[in-house]
2 protein chains.
Amino acid sequence: MAEILAASKPSDWRALDPENTLYLELATGRVVIELAPRFAPQHVANIKTLVREGFFDGLAIDRVQDNFVAQWGDADNKKPLGTAERTLPAEFIVAAKDVTYARLPDPDTYASDTGFSGGLPVARDPKIGRAWLVHCYGMVGVGRGDDVESGNGSELYAVIGQAPRQLDRNAALVGRVVQGMDLLASLPRGGSPLGFYKDPQQRMPIKSMRVAADVPGPQRTQLEVMNTDSHSFAELVESRRNRREPWYKVPADRIDVCNVPIPVRPMSKSAQ
Amino acid sequence: MAEILAASKPSDWRALDPENTLYLELATGRVVIELAPRFAPQHVANIKTLVREGFFDGLAIDRVQDNFVAQWGDADNKKPLGTAERTLPAEFIVAAKDVTYARLPDPDTYASDTGFSGGLPVARDPKIGRAWLVHCYGMVGVGRGDDVESGNGSELYAVIGQAPRQLDRNAALVGRVVQGMDLLASLPRGGSPLGFYKDPQQRMPIKSMRVAADVPGPQRTQLEVMNTDSHSFAELVESRRNRREPWYKVPADRIDVCNVPIPVRPMSKSAQ
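Residues numbered from 1 in each chain as written. Chains lettered and ligands numbered in written order. Predicted model: local features only at pLDDT ≥ 70, side-chain atom pairs only at ≥ 80, totals over all residues. Heavy atoms only, no water.

**Student:** Would you explain the confidence of the model for chain A in this entry?
**Tutor:** Where the model shows low pLDDT, its predicted coordinates should not be examined in detail. Within chain A, residue pLDDT values average 96, and 99% of them lie at 70 or more. Here the predicted complex scores 0.97 on pTM and 0.97 on ipTM. (pLDDT = per-residue confidence, 0-100.)

Shown next as structure tokens:
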């Protein structure tokens, strides 16, 4: 993998778009989230409205369920939503024709096929022409109640364990953590059912949540993501399907979409 | 799931065998590991020798790699192994005919089929008559060098993220964490390559590691595990393949072997 990254060309990478990047600021550091407006445009827009109106500032990570999700927002449902929408259409699937798609060759338990689109893990059902984001480790979604339109982005979660694929097509995924997953995944687990903290004091406070475009340039985290439709990414996928390191004696010759790393690296100074 | 657990019969459960249960004692609490002697008998025996000779006492969790493993033992390779073996046969696969097998109906990316045997996730290749334990969340394995016989149990790891199925058939899995996974999964990640801690001071010390049979009865953690060949477990699998809670609008009608919870509960006082 290191060889492939070293041999990649600058055109194999793209910088994060500051207008579609969020910073979740914790006492332990910054979590960087790349948003996915192509898959959930209204959810992404609403989350940006909430962020820009300071909704998340002073709230907390209130739920950490082992091998499932870390969730943050307004667990007590007390904070006004400002100008943001209260309900949103269920943006759980999209028309497959509307998204680029680099297909993986291997079978998947949950979907006809899987692959990558714009740096995100995607599943597809060609028979009905639909595609959807996959709940892999690090993906960020929108909590909702039983009504499919009850989510509005005021409760967000990140996957911190085995991909909970049963959530696919049941919730709006809005992006992916591209830096700082360890800060979420290493939080103490909540002791109440579903991983909520028993005592509000145990919650990890959110210092602030910001759209990167609203943060002065020098304070931004300058990252670039490998293009998942690049030749380098295809090489990387193959190198992970069949590990060539001497340690591996039985290469799998297969890979699950959630086992493919999507490389992220600091931008070179010259490219900033 | 709660309904199925409530309706289960006492015969659907079995108590942990104290002779094949390990306690990893940390400052934060006890991690309980059920061993799998049927799949890796010589590794299990060697680990028990190491444990009984106090090998792990005072060592530490020295590696925590995000979305991969937490590993403990003697990273510095300085501590004598006592009477334990230095090398062991590669117990990575077994004859399928030697293990019971409750098959899952759904396709798997990595294996011909998957299921459960004695409370453990298993994959199988009926064509060659082989079966092996699967690297799901919470499974415990034996670190080794490039030589397949170089593992001896003095470095152990537990899976703390997306199932690293590329390790299947490449390493000896020796059991599963049945309580305390949160203590391992919430540890700070190591900052060096592969998740090793930069500073030995950052390591989580191991107070002791014990075979449950060597611990006085009142100090044991009395747990029972659902029999994976029981009718209740089959019902549970089906309830997880198609979630009936009102929140779920699109039941998956599928499940990955690593998404099936294997229930563990405190033993009733009367059964102890």
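**Student:** What is the right way to read the environment of Arg 130 of chain B from this model?
**Tutor:** Residue and element names in this part refer to chain B. If you trace the backbone, Arg 130 turns up in strand E10 (residues 130–133). Among the residues examined, Arg 130 registers a relative accessible area of 33% and is labelled partly exposed. The sequence separation of Arg 130 and Ile 93 amounts to 37 residues, and the corresponding C-alpha distance is 6.5 Å. If we ignore the near neighbours within four places in the chain, the residues touching Arg 130 are Ile 93, Val 94, Ala 95, Ala 96, Ala 123, Arg 124 and Asp 125. (Helix = DSSP H or I, 4+ residues; strand = E, 2+ residues; numbered from the N terminus. Buried < 20%, exposed > 50% of the residue type's maximum accessible area, 1.4 Å probe, protein only. Contact = heavy atoms within 4.5 Å.)

**Student:** Is there a simple way to explain helix H2 (residues 41–52) of chain A in this structure?
**Tutor:** Residues and elements named next belong to chain A. Along its 12 residues, H2 runs 16 Å from first to last C-alpha, staying within 8% of the 16 Å computed at 1.5 Å per residue. Among all positions in H2, only His 43, Val 44, Asn 46, Ile 47, Lys 48, Leu 50 and Val 51 are buried. Where H2 is buried, its residues touch strand E2 (21–26), strand E3 (29–35), strand E11 (139–142), strand E12 (155–159), strand E13 (173–179) and strand E15 (208–211). Downstream of H2 by one or two residues, Gly 54 has phi in the positive range, about 80°. (Expected span 1.5 Å × (residues − 1).)

**Student:** Which parts of the structure should I look at to understand the sheet that holds strand E8 (residues 113–117) of chain B?
**Tutor:** Residues and elements named next belong to chain B. The strand order across the open sheet formed by 5 strands is E6-E10-E9-E8-E7, and the pairing between neighbours is antiparallel. Only two strands of the sheet have a single neighbouring strand rather than two, namely strand E6 (94–95) and strand E7 (102–103). Two elements, E7 and E8, share 2 bridges in a ladder whose sense is antiparallel. Its bridge partner being in E8, Arg 103 is matched across the sheet by Gly 115. (Pairing = 2+ DSSP bridges.)

**Student:** Can you help me understand the state of the cysteines in this one?
**Tutor:** By definition, a disulfide links the sulfur atoms of two cysteines through a covalent bond. All names here are of chain A. Following the criterion strictly, the structure yields 2 disulfides over all chains and no others. Note on cysteine connectivity: Cys 136 is disulfide-linked to Cys 258, with sulfurs 2.0 Å apart. Between Cys 136 and Cys 258, the disulfide has an S-S torsion of -80° and is therefore left-handed. Of this pair, Cys 136 sits in the loop between strand E10 (130–133) and E11 while Cys 258 sits in the loop between helix H4 (231–241) and strand E17 (264–266); the two residues are 122 residues apart in sequence, bridging distant segments of the chain. Cys 258 carries the same exposure label as Cys 136, and that label is buried. (Disulfide = S-S within 2.5 Å.)

**Student:** Would you take a moment to explain the packing of aromatic side chains for this structure?
**Tutor:** Each aromatic ring pair is characterised by the separation of its centres together with the angle its planes make. Going through the model one piece at a time under the given rule, you end up with 6 aromatic pairs over all chains. Between Phe 55 of chain B and Phe 56 of chain B, the ring centres sit 5.1 Å apart and the planes meet at 85°, which makes this aromatic pair edge-to-face. This pair shows no difference in class: Phe 55 of chain B is buried, exactly as Phe 56 of chain B is. Sitting over the ring of Tyr 23 of chain A, Arg 30 of chain A keeps its end group 3.9 Å from the ring centre. (Phe/Tyr/Trp six-rings, centres within 6.5 Å; stacked < 30°, edge-to-face > 60°. Lys NZ or Arg CZ within 6 Å of the ring centre and 35° of its normal.)

**Student:** Whenever I open this one, the pairing of strand E9 (residues 120–125) of chain A confuses me. Can you help?
**Tutor:** Successive residues of a regular strand alternate their side chains across the two faces of the sheet. Residue and element names in this part refer to chain A. Where burial is concerned, most of E9 is hidden: 5 out of the 6 residues are buried. Of the pairings in the sheet, the one linking strand E8 (residues 113–117) to E9 comprises 5 bridges and is antiparallel in character. Opposite Thr 114, over in E9, you have Ala 123 as the bridge partner. If you look at the hairpin formed by E8 and E9, you'll find 2 residues sitting between the two strands, and Gly 118 has a positive phi there, around 60°. Strand direction decides the pairing type here: E9 and E10, joined by 4 bridges, are antiparallel. The partner of Val 122 across the bridge, within E10, is Leu 133. Two successive antiparallel strands, E9 and E10, enclose a turn made up of 4 residues, where Gly 129 displays a positive phi of approximately 65°.

**Student:** Would you take a moment to explain the interface of chain A and chain B for this structure?
**Tutor:** Many authors give the size of an interface as the accessible area that is lost as the parts come together. Between chain A and chain B, the contact holds 41 residues from the first and 41 residues from the second. Both faces combined, the contact of chain A with chain B buries some 3,800 Å², and carbon together with sulfur accounts for 50% of it. When the buried surface of chain A facing chain B is broken down by residue, Thr 109, Gln 162 and Trp 247 of chain A rank first, second and third, together holding 21% of it. Viewed at the interface, chain B and chain A are joined by 0 salt bridges. The interface formed by chain A and chain B includes 22 residue pairs in polar contact (both at pLDDT 80 or more). Residue classes in the side of chain A that touches chain B are distributed as 20 nonpolar, 9 polar and 12 charged. (Buried area = accessible area lost by both parts, 1.4 Å probe. Salt bridge = Lys/Arg side-chain N within 4 Å of Asp/Glu carboxyl O. Polar contact = N/O pair within 3.5 Å; in protein donor to acceptor, adjacent residues only side chain to side chain. Nonpolar A, V, L, I, M, F, W, Y, C, P; charged D, E, K, R; others polar.)

**Student:** Teacher, can you tell me more about the pairing of E10 of chain A here?
**Tutor:** As paired elements, strand E6 (residues 94–95) of chain A and E10 of chain A share 2 bridges and run antiparallel to each other. Following the sheet pairing, Ala 95 of chain A is matched in E10 of chain A by Arg 130 of chain A.

**Student:** What should I look at first to understand the relation of the copies chain A and chain B in this one?
**Tutor:** Copies of the same chain, two in number, are related to each other by a rotation about an axis and a translation along it. Aligned on chain B, chain A shows an RMSD of 0.0 Å; the corresponding rotation is 180° and the shift along the axis is 0.0 Å. What the rotation and shift describe, once combined, is the action of a two-fold rotation axis. (Least-squares fit on C-alpha atoms with pLDDT ≥ 70 in both.)

**Student:** Can you walk me through the pattern of salt bridges in this structure?
**Tutor:** Between side chains of opposite charge, a pair can form when the charged atoms approach closely. As enumerated under the stated definition, the model contains 32 salt bridges over all chains in all. Taking the shortest distance from any N to any O, the salt bridge between Lys 97 of chain A and Asp 98 of chain A comes out at 3.2 Å. In this structure, Arg 241 of chain B and Glu 238 of chain B form a salt bridge, with 2.9 Å as the shortest nitrogen-oxygen distance. Placement of the pair is Arg 241 of chain B and Glu 238 of chain B together in helix H4 (residues 231–241), with a separation of 3 residues, close to one helical turn. Residue Arg 241 of chain B is classed as buried on the basis of its relative accessible area of 10%. Judged by its relative accessible area of 37%, Glu 238 of chain B is partly exposed. Members of the salt-bridge network, linked through shared partners, are Glu 19, Lys 48, Arg 52 and Asp 214 of chain A.

**Student:** Help me understand the environment of Gly 153 of chain B, please; the structure alone is not making it clear to me.
**Tutor:** Residue and element names in this part refer to chain B. In this structure, Gly 153 sits in the loop between strand E11 (139–142) and strand E12 (155–159). A residue is classified by how much of its surface remains accessible, and Gly 153, at 0% relative accessible area, is buried. In sequence terms Gly 153 and Gly 191 are 38 residues apart; their C-alpha atoms lie 24 Å from each other. When sequence neighbours within four positions are dropped, the list of residues in contact with Gly 153 reads Ile 47, Leu 50, Phe 56 and Val 142.

**Student:** I tried to follow the sheet that holds strand E17 (residues 264–266) of chain B on my own but got confused; where do I start?
**Tutor:** Hydrogen bonds between backbone groups are what pair the strands of a sheet, and the pairing can be parallel or antiparallel. Residues and elements named next belong to chain B. Reading across the sheet, the 3 strands line up as E1-E16-E17 and stay open at both edges, with antiparallel pairing between neighbours. Here the strands that pair on one side only, and so sit at the sheet edges, are strand E1 (13–15) and E17. Sheet twist, expressed as the average angle between the axes of neighbouring strands with direction ignored, equals 35°. Pairing between E1 and strand E16 (residues 223–226): 3 bridges, direction antiparallel. By the bridge assignment, Ala 15 is partnered in E16 with Glu 224. (Axes fitted to C-alpha atoms, helices over the stretch in contact; angles between N-to-C directions.)

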